[in-house]
Structures are given as C-alpha cells and as structure tokens.
Amino acid sequence: MIFMKRISICNNPKTPSLDHLAAPLGYFNPKSAKIIRNMDESELLFNLFYFLFCMVIIYPPEEFQRLGFTIEQLFARFLGDEYLDFVGYHLRRTSLNLFVHSCLPFSYFLIHRLKFSVFATQEPLEDSELDPDFPMPQEAVAFKTLTWKTAQRFSVLAVLAVPALIFNWHQQNWKRHPINKTLSKYSNSQGSYSAVSRDISTEFRRPDIYKKKLNSISTVIATENWIIKTTLYNVHFAHQSNTALSVAKAETYNISHHDQNDTLQMISIIVRPMRQGVGDFHIRINALEFRNLEDRVRRPISIPSNIQFHRNVIDRFVDVFKAQVALNPLFRSDATTDKCFACMLNEPNTKINKQCADVDRNGVPLAEDACCSNCYCRPMWCVECLARWFAARQTDVDRERWLEQKCTCPMCRAKFCVLDVSYIRETDMTSATQPSGTDVS
C-alpha cells in the first residue's frame, strides 16, 4: 500500500521534484553542484588573475616600466620631478604607494561581491554546499566564514586608516613623515630638516652621482656626501662622513645548467650610519657593480677575509680563463727560477703552444690570417697575468664571447686562443739522463 502511494506521488505532475524534496534531507543535488562547480572555477580564475594584478602593481616588471604602466609614471604629474625636488618627490611617492597598495584588498572584496553575489542568492546552495562524499565539518565552515568576514573588515579599516595616516604626515610640511624624521637627525638645528633636504636635492642634480636600480622597487644612489636607498614606502639616508660600510655576504648562482662557469654573484653591503636614531640598511648589488660603487663612495668598504667575489668583469673572466686552461693538455718544460714578467711575484706557469684546430664554432675552416700560430717564447707569464692581458685586448661589445676570441703573445705577437694556453709540468730530470752505451764522441 505504501509502495503504491509512492508510485502515485512520482507519477503526479503536480508533485515537487525529488531533488527539491531531497535537499532538506541532505541528498546530493546535481543542479546545485553544477552551479557550485562553475562558481569555484570562475572564482579560482578570478583569484589567480587578481593575484597577478597585485604583483604587477607592487613589483612592476621591466615591460610595464618601459610602457609606462607603473604608479610613478601614471601619477607623474602629481609626484613632480625627482631632479628638481628629490625629497619632496619621494615624500609624495611613498605616500601614494602606501595608499594604492592599501586599496588592493578592499578592491578584491568589492569586485568579488559584485562578481559572485548572483551565486550567493541561490537557495539550494545553503543546503547543498556540502558534498556527501567529502563533507566539511561545521566548525571548518564557521571558521572559514569568520576568517572571510574578518578579512573584509580589515580591508575596509585599511582604506580608512591609511588616508588618515597620510594626512597626519602631510601636516606641518610633512614633518611627521619617516623620511623627514630621518633627515632631522642629521640637522644641526633641533627638528629642522629643510636645509638637509635642499643639500640632498642639490647633490642629486649633479652629473657625477652613482645611481643603480637594484630591482623593480628599490634604487641605490651615491652622491658626494650621501648614500641613499629608496624603497616602496621609505628612503634610507646615510652621510658618508660618519658611516661604516662592510660586505656581509656573497652569494653565487648558476645561471646555466649546462655551463658551470656561467654564474651570477650578488653581494650584500651593510650601511651603518653612526648618527643616533638612524637605522642600518642593506644594499644588495651585482658583484660586478661593486667597483663602480666603491669608486663613488668616499668611505672604505671593509671585506672580511672569508668572503671572495669578483669585483669587476676582468676578475670574473680570469676565473673562467683559468678553468678553461685547466682542461687543456699540460706542457712539459724544465723548471725555472724566474718570476712572471708582468707581476714579478708568481712563477711562470703557462706556455702558449698551438694545439687548436683552425675552425670556427660551426666547423668551417678559418682564413689564413685568422688562424693561430706557434709561439717560440720561453715560459714567462703566470696564468692570471696572461688572462688579464687576453681580456685587455678584447672589446666590451663581445664580452659574452671573449673566450672564443684571439689575442697576440705579449712578446713575439704570435696569435693564440685560450685552447693554446697550457699549464706547465716540470720535466723529471732523472728520466732525462743519457741512455747507457751511447757514443758521445
């Protein structure tokens, strides 16, 4: 009897669908699940897109910088000219960065609500939010909801608090801004920073300053008397007259997995101002830029004995040259008591001896005037001096192909390449004795 009633209910066209009846009982609703699935996929794509958008805004790549799609370039009229008013420009720039970045979380929640609010109004979602195969505990659902609402409130709070903070900085001619607070520490008069700001702006306009962009968000500047590092929300200052600089560490990275000699060295320099109340800051630059910075800074940069790095391109090439020569065949020669003809310190340990094939990288024979020739000079050079001689005869345009180029012997001018340079192996004198029974008459 009960079975017949169930059949009649199913056959009755006015009877509600089983999906609607099953929803309150916790059964799986395919229609609602499809809506949830579509929402999850679109929401995932939206989250990914917005994350990339935030990264581009905060850390703009070089392509966006060249196209002018950065905060500094889009609001250039509001920020003014850095060369005319260096400190004032960075007061406005850091405040603008802080405001724009504080609006990103609020914009996310606002766009998310406008984009996905249509799904939140669907009635079946509340009953079919949990998949019966993979149920989520009610505590986890409550925690997720609480976290979401808390994040929303913090985003609104940031949009309200940051403008208030910037307005507080702007009062009394930006007196409370962290940049001016730092400059006031260098002022001779209590709390005055205008004279220091004018001096920095004047030195920044001079043509002999050192300015290097460390990454997309920071730059190091060395003027006649100041070492400056700009960041997203602040600018660090150190007067060279009372500042200590030291290398903290050197890091080496392999750029190519195929060539172990193709490396990149980065060094971290700690700048310690001696002024009370002024904090330390780090400068992380390419090791090849170290010499340029060292030449511009009046203070010596101390380097611990346990830290080794290439200070310029020549030093980098010398190491690569040594590594290649170590792969070449050894040259047997008698022991010598002379010193290197160039440095007069090391013993000569290399010999130019033609052993390369006169072909280019594609295997095509070279012209006669481009081929290497034999060198008949006795060993006179250490490998480091010979490498520096080789590098000095190359052009900066072909820096990446220096090892493929040729050079001439410092003495006889015989043309050679790096494959023609060999380390010297001293000949064993006992093996060079005259064989018995030889007629010497």
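An account of the accompanying structure is given in this report. These figures come from a predicted structure and were not determined experimentally.

**Thoughts on the overall build of the chain**
The number of helices and strands found in the chain is 14 helices and 13 strands. Counting across all 441 residues of the chain, residues that qualify as buried make up 35%. In the chain, of all internal contacts separated by at least 6 residues, the share reaching a separation of at least 24 is 61%. Working note: accessible area of the chain is about 28,000 Å², and carbon and sulfur atoms make up 57% of it.

**Looking at the nonpolar core**
If you look at the biggest cluster of nonpolar residues, it comprises 42 residues, and the most contacted ones within it are F86, L183, I200, I228, F237, I269 and I283. Each residue touching F237, except ones within four places of it in the same chain, is listed here: F86, I179, T182, L183, Y186, I200, W226, I227, I228, P273, V278 and F281.

**Let's talk about the sheet that holds strand β1 (residues 210-213)**
In space, the four strands of this open sheet follow the order β1-β2-β3-β4, with antiparallel pairing throughout. Edge positions in the sheet fall to β1 and β4 (235-239), since each has one partner strand and no second. Each neighbouring strand pair of the sheet contributes to a mean axis angle of 10°, computed without reference to strand direction. Running over the sheet, helix α11 (residues 194-204) touches β1, β2 (219-222), β3 (226-230) and β4 and is turned about 90° from β3.

**Considering the pattern of salt bridges**
Evaluation of the coordinates by the stated rule reveals 16 salt bridges. Across the pair R284 and E251 runs a salt bridge, and its minimum N-O distance is 2.7 Å. You can see R284 sitting in strand β7 (residues 281-286) and its partner E251 sitting in strand β5 (residues 243-254), a full 33 residues away along the chain. Where K322 meets E384, a salt bridge forms, and the shortest distance between an N and an O atom there is 3.7 Å. Of the two residues, K322 is situated in helix α13 (residues 313-327) and E384 in helix α14 (residues 383-392); the sequence distance between them amounts to 62 residues.

**A short note on the sheet that holds strand β6 (residues 263-273)**
Read from one edge to the other, the open sheet built from four strands follows the order β7-β6-β5-β8, with strand pairing classed as mixed. Edge positions in the open sheet fall to β7 and β8 (301-302), since each of these has one partner strand only. Here eleven bridges tie β5 to β6, and the two strands are oriented antiparallel to one another. Each bridged residue has a counterpart across the sheet, and for Y253 the counterpart in β6 is L264.

**Re the side chain of S268**
Relative to the helices and strands, S268 resides in strand β6. Owing to a relative accessible area of 7%, S268 belongs among the buried residues under this scheme. Those residues in contact with S268, other than ones at most four positions away along the chain, are S246, V247, A248, K249, I283 and R284.

**Some remarks on the side chain of H101**
Turning to its location among the elements, H101 is positioned in helix α7 (residues 86-120). Since its relative accessible area comes to 10%, H101 is described here as buried. For H101, the side chain forms a polar contact with the side chain of Y233, separated by 2.7 Å. When near neighbours in sequence (up to four residues on either side) are disregarded, H101 contacts I57, I58, I71, L232 and Y233.

**Brief notes about empty space enclosed by the protein**
Inspection of every chain in the model, using the stated rule, returns one cavity of 30 Å³ or more. Within this model, the largest cavity holds a volume of roughly 60 Å³. Lining the largest cavity, in full, are T350, K351, I352, C375, C377, R378, P379, M380, W381 and C409. Partitioned by chemical class, the residues of the lining of the largest cavity number seven nonpolar, one polar and two charged.

**Topic: α13**
Counted at 1.5 Å a residue, the expected span for α13 with its 15 residues is 21 Å, and the 22 Å between its end C-alpha atoms agrees. All buried positions along α13 are accounted for by V313, D315, R316, F317, V318, V320, F321 and V325. Each element contacted by the buried residues of α13 is listed here: β6, α14 and β13 (421-426).

**Details of the packing of aromatic side chains**
For the structure on display, the rule yields 18 aromatic pairs. Taking the centre distance of 6.1 Å and the plane angle of 65° together, the rings of F64 and F69 count as edge-to-face. By relative accessible area, which is 31% here, F64 ends up partly exposed. Taking the relative accessible area as the measure of exposure, F69 reaches 47% and is therefore partly exposed. Relative to F204, the ring of Y83 lies with its centre 4.9 Å away and its plane at 35°, an arrangement referred to as tilted. Of the two residues, Y83 sits in the loop between α6 (76-79) and α7 while F204 sits in helix α11, which places them 121 residues apart along the sequence. Taking relative accessible area as the criterion, Y83 reaches 41% and is therefore assigned partly exposed. Here F204 falls in the buried class, since its relative accessible area comes to 1%. Every member of this aromatic cluster is reached through a ring pair, and the members are F46, Y50, F53, Y108, F109 and W148. Over the face of the ring belonging to F331 we find K351, whose NZ or CZ atom lies 5.4 Å from the ring centre. The ring centre of W389 lies 3.5 Å from the NZ or CZ of R393, which sits over that ring.

Rules used throughout
Sequence positions are assigned chain by chain, starting from 1 and proceeding in written order. pLDDT decides what is reported in this predicted model: residues at 70 or higher carry local features, side-chain atom pairs at 80 or more are listed and counted, and totals for whole chains, interfaces and linings draw on all residues regardless. The side-chain numbers reported here are obtained from all heavy atoms of the structure, hydrogens and water having been left aside. Only DSSP runs of H or I reaching four residues or more are called helices, and only runs of E reaching two or more are called strands; each is numbered from the N terminus. The buried label applies to any residue whose accessible area, calculated with a 1.4 Å probe on protein chains only, is under 20% of its type's maximum; exposed applies above 50%, and partly exposed to all values in between. Should any heavy atoms of two residues lie within 4.5 Å, those residues are considered in contact. Here the Shrake-Rupley method, with its probe set to 1.4 Å, supplies the accessible areas, and only the displayed protein chains count as covering residues. Here, the term nonpolar core denotes a set of buried Ala, Val, Leu, Ile, Met, Phe, Trp, Tyr and Cys residues that are joined through side-chain atoms within 4.5 Å. By this definition, two strands are paired if DSSP reports at least two bridges between them. Fitting a line to C-alpha atoms yields each axis, with helices limited to the stretch in contact; the angle taken between N-to-C directions then spans 0 to 180 degrees. Think of a salt bridge as a Lys or Arg side-chain nitrogen and an Asp or Glu carboxyl oxygen that are within 4 Å of each other. Pairs of N or O atoms are called polar contacts if they sit within 3.5 Å, as long as, within protein, a hydrogen donor faces a hydrogen acceptor (for residues adjacent in sequence, only side-chain-to-side-chain pairs). Think of a 1 Å grid over just the protein atoms. A cavity is a set of points where a 1.4 Å probe fits yet cannot get out, a pocket is an open set with protein on both sides within 12 Å along at least five of seven lines, and lining residues have an atom within 4 Å of a point. Grid points are joined across faces, edges and corners, and a volume is the space filled by probe spheres set on the points. Ten residues, namely Ala, Val, Leu, Ile, Met, Phe, Trp, Tyr, Cys and Pro, are considered nonpolar, four, namely Asp, Glu, Lys and Arg, are considered charged, and the remaining ones, Gly among them, are considered polar. A helix is expected to reach a length of 1.5 Å times the quantity of its residues less one. Each aromatic pair joins two rings of Phe, Tyr and Trp (for Trp, the six-membered one) with centres within 6.5 Å, and gets the label stacked for planes under 30 degrees apart, edge-to-face for over 60, and tilted for any other angle. Here, a charge over a ring is recorded when the distance from Lys NZ or Arg CZ to the ring centre is within 6 Å and its angle to the ring normal is within 35 degrees.

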